[in-house]
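Understanding the architecture of this molecule
Listed below, chain by chain, are the residues.
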Amino acid sequence: MSTAAATARPGQVLADLLPATRVRDIALVLGGAALTGLAAQISVPVPGSPVPVTGQTFAALLVGTTLGAGRGLLALALYALAGVAGTPWFAGGTSGVSVSFGYILGMMLASTLVGALARRGADRSVLRMAGTMLLGEAIIYAVGVPYLAYAADMSASAAIAAGLTPFLLGDALKAALAMGVTPTAWKLLKR
């Protein structure tokens with residue numbers, strides 16, 4: 001059994017296995033924001049939608065589950081603030097507030113929720129991670145789709161058609177990938 005696994009306790013997330021220092025927490029928050037910015041560069045336009053398919057949702061959910069609620073929220077808030085301030089790391093190298101900014105706000109909330117659930121052990125098994133990822137995705141859409149409707153002056157049905165329906169399969173695949181990452185990491189640490 002590794003030293004990290006020997007010291008793992010209930011209420012911890014993967015990041016807590018690193019030696020606790022303020023520098024660690026700052027590095028984790030910066031790293032979570034950077035990971036999200038890098039994942040946003042995986043951007044594929046969706047015909048008929050102002051919102052592209054990106055790797056952001058995967059990163060936001062992974063950041064939340066591995067860093068925990070507080071650091072996850074800080075990482076996504078830093079990502080959002082830096083992007084609004086002009087850092088070109090939103091989807092496709094853009095910055096500022098666009099019609100898809102609601103999804104970024106939703107990612108902040110989702111990262112916080114999945115991080116809180118991970119502290120309660122939701123990151124230890126694939127089945128629990130499935131439910132956690134579904135809740136995280138639901139929060140992203142619950143904020144993103146109404147924001148899209150408002151910002152793009154769309155009806156609710158048009159916003160659902162442009163900002164939800166085309167993304168369900170891809171997000172299910174991203175959630176499945178995220179579901180496998182943290183439980184696998186915990187299993188590897190127990191060896």
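Further up the page is the structure itself.
Residues numbered from 1 in each chain as written. Predicted model: local features only at pLDDT ≥ 70, side-chain atom pairs only at ≥ 80, totals over all residues. Heavy atoms only, no water.

Quick look at the environment of glycine 93
Counted only if it meets this: Secondary structure elements are taken from DSSP: a helix is a run of H or I of four residues or more, a strand is a run of E of two residues or more, and numbering for both begins at the N terminus. Contact definition: two residues touch when any of their heavy atoms are within 4.5 Å.
Looking at the element boundaries, glycine 93 is found in the loop between α4 (69-84) and α5 (101-119). Considering only alpha carbons, one finds glycine 93 and glycine 37, 56 residues apart in sequence, at a separation of 8.7 Å. In this structure, glycine 93 is in contact with Gln41 and Pro88, ignoring residues within four places of it in sequence.

What about α4?
Applied cut-off: To estimate how far a helix should reach, multiply one less than its number of residues by 1.5 Å.
Between its first and last C-alpha atoms α4 spans 22 Å; for 16 residues at 1.5 Å apiece the expected length is 22 Å, and the two agree. Buried-residue contacts for α4 involve α2 (22-40), α3 (56-67) and α5. Phi turns positive, to about 125°, at glycine 86, one or two residues after α4.

Considering a nonpolar patch on the surface
To keep it simple, the criterion reads: Candidate patch residues must exceed 30% relative accessible area and have no salt bridge, after which like charges are joined if within 9 Å and Val, Leu, Ile, Met, Phe, Trp or Tyr side chains if within 5 Å. Note on areas: Shrake-Rupley with a 1.4 Å probe; residue coverage comes only from the protein chains shown. Salt bridge, as applied in this entry: a Lys or Arg side-chain nitrogen positioned within 4 Å of an Asp or Glu carboxyl oxygen.
Among the surface-exposed residues, Ile26, Leu30 and Leu78 lie close enough to one another that they form a single nonpolar patch of about 260 Å² accessible area. Along the chain, the position of leucine 30 falls in helix α2.

Quick word on the packing of α2 against α4
Test applied: Geometry is summarised by axes, namely lines fitted to C-alpha atoms with helices restricted to the contacting stretch, and by angles between N-to-C directions that run from 0 to 180 degrees. Roughly parallel here means an angle under 35 degrees, roughly antiparallel means over 145, roughly perpendicular means 65 to 115, and every remaining angle is called oblique. Should the near helix be turned counterclockwise from the far one by less than a right angle, the crossing is left-handed, whereas a clockwise turn marks it as right-handed. Put simply, Ala, Val, Leu, Ile, Met, Phe, Trp, Tyr, Cys and Pro go in the nonpolar bin, Asp, Glu, Lys and Arg in the charged bin, and everything else, Gly too, in the polar bin.
Contact pair α2 / α4: the axes reach a minimum separation of 8 Å and the direction vectors enclose 50°. Between α2 and α4, the angle is such that the two are oblique. When you trace α2 past α4, the crossing you get is right-handed. Between α2 and α4, the contacting residues are Arg24, Asp25, Leu28, Val29, Leu30, Gly32, Ala33, Thr36, Gly37 and Ala40 on the first element and Arg71, Leu74, Ala75, Leu76, Leu78 and Tyr79 on the second. Broken down by class, the residue content of the contact of α2 with α4 amounts to 10 nonpolar, 3 polar and 3 charged.

A look at unusual backbone geometry
Convention followed: Throughout, exposure labels follow a simple rule: accessible area from a 1.4 Å probe, protein chains only, divided by the maximum for the residue type, with under 20% read as buried, over 50% as exposed, and the rest as partly exposed.
Located in the positive-phi region is aspartate 153, a residue other than glycine, with phi close to 55°. The topology assignment puts aspartate 153 in the loop between α6 (126-151) and α7 (156-163). Taking relative accessible area as the criterion, aspartate 153 reaches 71% and is therefore assigned exposed.

Some points on the pattern of salt bridges
The tally for this structure, following the rule as stated, stands at 6 salt bridges. The partner of arginine 119 in a salt bridge is aspartate 16, and the shortest N-O contact between them spans 2.4 Å. In this pair, arginine 119 sits in helix α5 while aspartate 16 sits in the loop between α1 (3-7) and α2, placing the two residues 103 residues apart along the sequence. The exposure class assigned to arginine 119 is partly exposed, which follows from its relative accessible area of 29%. Classification of aspartate 16 as buried rests on a relative accessible area of 18%.

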